[in-house]
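# Architecture at a glance
Below, each chain spelled out in residue letters.
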Amino acid sequence: MKIGTTGYGSDPGNDVGGSVTDSHGNYSINMPPCSPAHEVWYLSADGGNTGNGTNSRSRLIAVLGPCNQAPSSVTINEVTTVASTYAMSQFMNTTANLGQNIGAPSTNLLGAANASLTVQNLVNLATGTAPSSTLPAGATAPTAEINTLADVLATCVQADDTASTPCQQLNCVATPGGIWSGTSCNITAVPETTIDAMLLIARNPANNVGALFALATSTNYSPVLGSAPNDWTLGLKFVGGGLNSNFGLAVDGGGDVWVVNFGNRSLSKFSPSGVALSTSAGFTGGGLNESRNIAIDSLGNAWVTAGNSVAEFDTNGNALSPSMGYTGGGTNDTYGIAIDSKDRVWASNLGAADISLFCGAITANCPASFTTGEPISPAGGFTGGGLSFSFGAAVDGADSVWTVNDGPSNSPTPNVSKFSSAGNAISGASGFTGGGLAKPTGVAIDPAGNAWACNIDNGVVSEFSTSGSPLSGTGFTGGGVGNSEAIAVDSANNVWVANESSPVGTVSEFNSSGTAISPSGGFQGGSMNDPIGIAIDASGNVWVSNDFDASITQLIGAAAPVKTPLIGLPTLP
């Protein structure tokens, strides 16, 4: 089938082709010409008999990727089903018995195509085994976890319609809140096919982890996990490209991931499938110095904090800013950076009580005669609004800029500042306070325009309304949150927080009400190690920058897709 093009999970319409397998599972399908080249194709295998009798609940898939890259020979099995479902989970229909419908709106066909490339990292489609033989050099795949989940599915696939218990039990414990008593389920289970069950597992990775692990009794695939994992998130880990004490990261409009390297004054760039696009030394020059965070403008240029300046690079990693960066406008140990709808560049300053604004790549949106990189803010920056030792920065839908402040040794009181697009303070002289703030380091805006802040000192997440009123009481807790450095929000209004720890770093997820979705230990897929930056792409992947081992982690299909580059509110592409 081709993926649908009329919306997320849309019906693909007419099949590309089909076949009935022989008794050994062999099949042949005559494929039509591939057009357009980025169109994603996939296989769905329904029903069949594995030797124990006919099973109408069995449905397996294998996402082939862009049709111009589709292999000529494909093994479709439980492993390809796990890999394909996780990678494409945000593009699959969540209605029971329609999980095999994969689709995207015309505005996010690229996000779907990029997601399909992740399948080719997780599994060798020709052999149906994990991992792929084309995994980028040095990358680590969750092979044992994939195989374990494949064995979980196999308990149902290898049954027949007269032996209902294996499939009923899988469907029960795959459904959030489902408890299998040995003969029945306490709720009406949602799944009707094995694809439905796997999609629920992928979208609810903290649900019934132990009960699902207990189903992995078959030995079809190896290696497998020796014990139940903390959660069922799947993560790929990538290295290279100049990563060195890497800090913040951002995703551009093509799905490429840019990473700031504090250690060697460089930038790294990776393709959506984790291939390093920068050299082993990274992209250098342009004034990079003690760089911590990065933002991408509408033209695809990367803007980076760079000590007492900001730096700019084009889409190919060529420095556009001078050797000392763009200076002035009050820059003093820049930390946070964000782009507004006019492509102007805001930078928060850790070394001074001010915020800086620069003319961006589209000079028509700047004051008359201003050039790219010229400071719009005065020599001392924009001041007031409670600014003091500012960390992260974010821009909302009205082009107001928010930053979080932590004065020397928490004095004055930690607070949040908000400035209009003209640089006028909207927050009072003491900023917005409360909400559980304790050394806030990161800030992100949700689809409703509310500001969320993570705190490195007290293990809570704080939320403020558009007018600056605290909405989180003494802070939202749970979900493994703690020692948090970075925060992001997806298009479904779920909040994602990177929690610094080593060697088992974690990511926490909260819903829009501040209730933890992640388990008490956080999500731990992808072997995170001191995660210090976080971003979400248009495929629904959560990308994390790992400071301690010079790597980045991709939590596959975990979040609702976000239009990239992120400018203003996080919206569904």
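Preceding block: the structure.
Residue positions are given per chain, counting from 1 as you read along its sequence in written order. Under the rules for a predicted model, residues below a pLDDT of 70 receive no local features and side-chain atom pairs below 80 are neither given nor counted, while totals for whole chains, interfaces and linings still include all residues. With hydrogens and water excluded, all non-hydrogen atoms of the structure serve as input to the side-chain values.

## As for the pattern of salt bridges
Here a salt bridge means any side-chain nitrogen of Lys or Arg lying within 4 Å of a carboxyl oxygen belonging to Asp or Glu. Inspection of the entire model under this criterion finds 7 salt bridges. Notably, a salt bridge pairs Lys 237 with Asp 549, separated by 2.5 Å at the nearest N-O pair. Here Lys 237, found in strand β3 (residues 235-238), pairs with Asp 549, found in the loop between β23 (542-546) and β24 (551-555); they are 312 residues apart in sequence, far enough to count as distant. On the basis of relative accessible area, Lys 237 is assigned to the buried category, the value being 11%. Across the pair Asp 340 and Arg 344 runs a salt bridge, and its minimum N-O distance is 2.8 Å. Summarising the burial analysis for this pair, Asp 340 and Arg 344 share the class buried. Helix and strand labels come from DSSP, where a helix needs a run of H or I of at least four residues and a strand needs a run of E of at least two; each type is numbered from the N terminus. Any residue under 20% of the maximum accessible area for its type is buried, any over 50% is exposed, and the rest in between are partly exposed; the area is computed with a 1.4 Å probe on protein chains only.

## Some words on unusual backbone geometry
Look at the link from Ser 502 to Pro 503: it is a cis peptide, with omega at 5°. Within the secondary structure, Pro 503 is located in the loop between β20 (495-499) and β21 (506-510). In this model, Thr 564 is joined to Pro 565 through a cis peptide bond whose omega is 0°. The phi torsion at Glu 290 lies on the positive side, around 50°, for a residue other than glycine. Position of Glu 290 relative to the elements: it lies in the loop between β6 (266-270) and β7 (294-296).

## Considering the sheet that holds strand β11 (residues 345-349)
Taken in spatial order, the 3 strands line up as β10-β11-β12 in an open sheet, and their pairing is antiparallel. Only two strands of the sheet have a single neighbouring strand rather than two, namely β10 (334-339) and β12 (355-358). Pairs of neighbouring strands in the sheet enclose a mean axial angle of 20°, with direction left out of account. Should DSSP find at least two bridges between two strands, the strands are taken to pair. Note that β10 and β11 share 4 bridges and pair antiparallel. Across the sheet, residue Ala 338 finds its bridge partner in β11, namely Trp 346. Each axis is a line fitted through C-alpha atoms, taken for helices only over the stretch in contact, and angles between the N-to-C directions span 0 to 180 degrees.

## Here we look at the layout of surface pockets
A cavity here means a set of points on a 1 Å grid, drawn over the protein atoms and nothing else, where a 1.4 Å probe fits but cannot get out; a pocket is an open set with protein on both sides within 12 Å along at least five of seven lines, and a residue lines either one if it has an atom within 4 Å of a point. Grid points are joined across faces, edges and corners, and a volume is the space filled by probe spheres set on the points. In this structure, the largest pocket occupies an estimated 1,300 Å³ of space. Taken together, 43 residues line the largest pocket, and the ones lying closest to its centre are Thr 21, Gly 25, Tyr 27, Ala 45 and Ile 76. Among the elements that line the lining of the largest pocket, the one with the most residues is strand β1 (residues 40-46), at 6 residues. Three classes are used, and their members are as follows: Ala, Val, Leu, Ile, Met, Phe, Trp, Tyr, Cys and Pro are nonpolar, Asp, Glu, Lys and Arg are charged, and the others, Gly among them, are polar. Along the lines of polarity and charge, the residues of the lining of the largest pocket split into 18 nonpolar, 21 polar and 4 charged. Taken together, 21 residues line the second largest pocket, and the ones lying closest to its centre are Arg 203, Asn 204, Pro 205, Glu 509 and Ile 517. Taken together, the residues of the lining of the second largest pocket sort by class into 11 nonpolar, 7 polar and 3 charged.

## Digging into the state of the cysteines
By definition, a disulfide is the covalent link that joins the sulfur atoms of two cysteine residues. Cysteine sulfur atoms are paired as a disulfide whenever they fall within 2.5 Å. If you walk through the whole model with that rule in mind, you get 4 disulfides. Here Cys 156 is linked by a disulfide to Cys 167, with a sulfur-sulfur distance of 2.0 Å. Taking the sign of the S-S torsion, 95° for the link of Cys 156 and Cys 167, the bridge is right-handed. Separated by 11 residues along the polypeptide, Cys 156 in helix α3 (residues 143-157) and Cys 167 in helix α4 (residues 165-174) bring together distant segments of the chain. Exposure remark for Cys 156: the relative accessible area of 1% places this residue in the buried category. For Cys 167, a relative accessible area of 0% puts it in the buried group. Cysteine pairing for the protein chain (bonded cysteines numbered in sequence order): 1-2, 3-4, 5-6, 7-8.

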